[in-house]
Amino acid sequence: MHVEVIGNGPPLVMLHGWAMHGGVFKLLADAMGGQRTLYLVDLPGHGHSRDSAVLLELDACARAVLDAVPAAPWCGWSMGGAIALHAAHLAPQRIPALAMIAATPRFVATEDWSDGMPVDAFAKFETGLASDWRGTVDRFLALEAFGLEDARERMRQLRTLAMERGAPSPRVLAEGLRLLETTDLRPALSAMPMSSLWMAGRRDRVVSPQAMQAAAALAPAAQFVQIAGAGHAPFLTHVDAVASVLSDFLENTQA
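Residues numbered from 1 in each chain as written. Predicted model: local features only at pLDDT ≥ 70, side-chain atom pairs only at ≥ 80, totals over all residues. Heavy atoms only, no water.

A few words on the layout of surface pockets. Approximately 150 Å³ is the volume attributed to the largest pocket. Around the largest pocket, the lining residues are Glu4, Ile6, Gly23, Val24, Lys26, Leu27, Leu40, Gln157, Leu161, Glu164, Arg165 and Leu236. In the lining of the largest pocket, the residues fall into six nonpolar, two polar and four charged. (1 Å grid on protein atoms, 1.4 Å probe; cavity = no way out; pocket = protein on both sides within 12 Å on 5 of 7 lines; lining within 4 Å. Points joined across faces, edges and corners; volume = space filled by probe spheres on them. Nonpolar A, V, L, I, M, F, W, Y, C, P; charged D, E, K, R; others polar.)

Quick look at the sheet that holds strand β6 (residues 195-201) now. The strand order across the open sheet formed by seven strands is β1-β3-β2-β4-β5-β6-β7, and the pairing between neighbours is mixed. In this open sheet, the two strands that pair with only one neighbour each are β1 (3-7) and β7 (222-227). The sheet shows a mean angle of 20° between the axes of neighbouring strands, taken without regard to direction. The sheet strands contacting helix α9 (residues 209-218) are β5 (97-101), β6 and β7, and the helix crosses β6 at an angle near 170°. (Pairing = 2+ DSSP bridges. Helix = DSSP H or I, 4+ residues; strand = E, 2+ residues; numbered from the N terminus. Axes fitted to C-alpha atoms, helices over the stretch in contact; angles between N-to-C directions. Contact = heavy atoms within 4.5 Å.)

For any two helices packed against each other, one specifies the inter-axial angle together with the distance between the axes. Remark: helix α4 (residues 119-131) packs on helix α5 (residues 133-145), axes separated minimally by 6 Å, with the N-to-C direction vectors making an angle of 145°. Together, Phe125, Gly128, Leu129 and Ser131 of α4 and Trp133, Thr136, Arg139, Phe140 and Leu143 of α5 make up the contact between the two elements. When the residues that make up the contact of α4 with α5 are grouped by side-chain class, the tally is five nonpolar, three polar and one charged.

Turning our eyes to something else, we now look at the pairing of β6. Most of β6 sits out of view: six of its seven residues are buried. Two strands pair when backbone bridges link them, and β5 and β6 are joined in this way by five bridges, in the parallel orientation. Directly across from Ala97, in β6, lies its bridge partner Ser195. Examined bridge by bridge, β6 and β7 share six bridges and lie parallel to one another. From the neighbouring strand, Leu197 faces β7, where its bridge partner is Gln223. Regarding topology, α9 serves as the crossover connection from β6 to the parallel β7, and that connection is right-handed. (Buried < 20%, exposed > 50% of the residue type's maximum accessible area, 1.4 Å probe, protein only. Right-handed = clockwise from strand over helix to strand, strands pointing away.)

Here we come to the pairing of strand β3 (residues 37-41). For β3, the tally of buried residues reaches five of five residues, placing the bulk of the element in the interior. Relative to β3, β1 runs antiparallel, the two being bridged by five bridges. Of the residues in β3, the one forming a bridge with Glu4 is Leu40. Pairing between strand β2 (residues 11-15) and β3: five bridges, direction parallel. Bridge pairing in β3 links Val13 to Tyr39.

So, on to the pattern of salt bridges. Enumeration over the complete set of coordinates arrives at nine salt bridges. Glu4 is the partner of Arg165 in a salt bridge, and the nearest nitrogen-oxygen pair spans 3.0 Å. You can see Arg165 sitting in the loop between α6 (151-163) and α7 (170-182) and its partner Glu4 sitting in strand β1, a full 161 residues away along the chain. Among the residues examined, Arg165 registers a relative accessible area of 15% and is labelled buried. Glu4 sits in the partly exposed class, given a relative accessible area of 28%. Between Arg159 and Asp138 there is a salt bridge, with the nearest N and O atoms lying 3.1 Å from each other. With Arg159 in helix α6 and Asp138 in helix α5, the pair connects residues that are 21 residues apart, well separated along the chain. Residue Arg159 is classed as partly exposed on the basis of its relative accessible area, which comes to 34%. (Salt bridge = Lys/Arg side-chain N within 4 Å of Asp/Glu carboxyl O.)

Next comes the structure, spelled out in structure tokens:
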């Protein structure tokens, strides 16, 4: 598994979202480079880990990343947040603090989780992936940029980033959607021993701020922060705000 190490200072592990790779955090890495040593992971099947034999499944990914990085706080974005949350449950002694950016314990809505992505909307991504995976990725990226003042430019930026290290295979993309569809980590939240940060973009149309606030309410020692004007990737559009919030959280938790 490919892990890029950038910066100086105490370690921080970063996990990217669906169809992306660790390079998506470059601006945040630049902003925090003098404060933290960032471990930017390319999850299995993505980026420079394209040929990894590890399946893109929750338990397999969490254990593989734990084997590849030192003990450190973890920060997960979107799908990466689910993997980070599961790893924190598996090895709390290795993860002293957890930061979730536009990520929740349950991605898809259910009767008792109404703020998740609607089932029918998610099903369209699954159906589209089988017939036109590139178009499906584009539609997902468009949803990530939706609502931003410079949505077209952000869409171009996300598309460039997604393909910067080569496109993930349709098989891996399908595995990622299954991970998002089936994962429900809400029962583990109440037993989390570490402090957690839940950072939402107010304009996010992929993971709603309401869902993140609800998740934070289930966890002890949790802090919810909303970035005004941000969408699903606030570390691209509001990098200084995200770096400040994340740095303050890690400093206050002494992680």
